[in-house]
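A closer look at the structure
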Amino acid sequence: MRNITLDQVWHNFMPAYERGVGLLSFALFTLTSYLILAKTPEPTKPFGKYLLLLQASLTLVDINYGFLVCPVILFPSSMFFAVTFMAATVILVFHFKYVSIAQLTGHSV
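Residues numbered from 1 in each chain as written. Predicted model: local features only at pLDDT ≥ 70, side-chain atom pairs only at ≥ 80, totals over all residues. Heavy atoms only, no water.

**Some details on the confidence of the model for the chain**
For the chain, the average pLDDT comes to 77, and 82% of its residues sit at 70 or higher. When mean pLDDT is compared element by element in the chain, helix 1 (residues 8-38) scores highest at 83, while helix 3 (residues 77-105) scores lowest at 76. (pLDDT = per-residue confidence, 0-100. Helix = DSSP H or I, 4+ residues; strand = E, 2+ residues; numbered from the N terminus.)

Following this line, the structure appears as C-alpha cells:
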C-alpha cells in the first residue's frame, strides 16, 4: 500500500501562507476602517457603523483562520464561533441597511 501523507513542503508552506493571508487581511481591515470612519460622505454616515461591524466580523474570521486554526485545519469547533458571529453580523447589517433606507425614504418600519 502506498503512503499518501502530505509532503513536508506542504506542512511548511501552508501555515506560512495562511499567516500571510491573515496579515494581509488585517492590513486591509485597517485601511478599510480608516476609509469608513474618515472618508464616508455625510449623507451615508448611518451606514458606516454597520459596514464597520461587517468588516470587523470578516476580519475576525480571517484572523481566526489565519492564526488560530492553521496548525489544526480539520478541527472545526474553533471556527464555529467566528463563522456564526459573522453570519449573525451579515444578517444584522442587511436588516439595519433596509431599516435605514426605509427611514431615509420616509416609510414606516
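Still more ground to cover, so stick around.
**Let's talk about a nonpolar patch on the surface**
Together, Val 9, Trp 10, Phe 13, Tyr 17 and Val 21 make up an exposed nonpolar region whose accessible area comes to about 500 Å². Within the secondary structure, Val 21 is located in helix 1. Assessed through its relative accessible area of 38%, Val 21 is described here as partly exposed. (Patch = residues over 30% accessible without salt bridge, like charges linked within 9 Å, V, L, I, M, F, W, Y side chains within 5 Å. Areas by Shrake-Rupley, 256 points an atom, 1.4 Å probe, with all protein chains shown as cover. Salt bridge = Lys/Arg side-chain N within 4 Å of Asp/Glu carboxyl O. Buried < 20%, exposed > 50% of the residue type's maximum accessible area, 1.4 Å probe, protein only.)

**Remarks on the packing of aromatic side chains**
Using the criterion set out here, one finds 2 aromatic pairs in the structure. Taking the centre distance of 5.8 Å and the plane angle of 25 degrees together, the rings of Phe 13 and Tyr 17 count as stacked. Of this pair, Phe 13 and Tyr 17 are both found in helix 1, 4 residues apart, which corresponds to roughly one turn of the helix. The class for Phe 13 is partly exposed, based on a relative accessible area of 43%. We classify Tyr 17 as partly exposed; its relative accessible area is 45%. (Phe/Tyr/Trp six-rings, centres within 6.5 Å; stacked < 30°, edge-to-face > 60°.)

**As for helix 1**
Between its terminal C-alpha atoms helix 1 stretches 46 Å, which fits the 45 Å expected from 31 residues at 1.5 Å a residue. Listing the buried residues of helix 1 in full gives Met 14, Pro 15, Glu 18, Gly 22, Ser 25, Phe 29, Ser 33 and Ile 36. (Expected span 1.5 Å × (residues − 1).)

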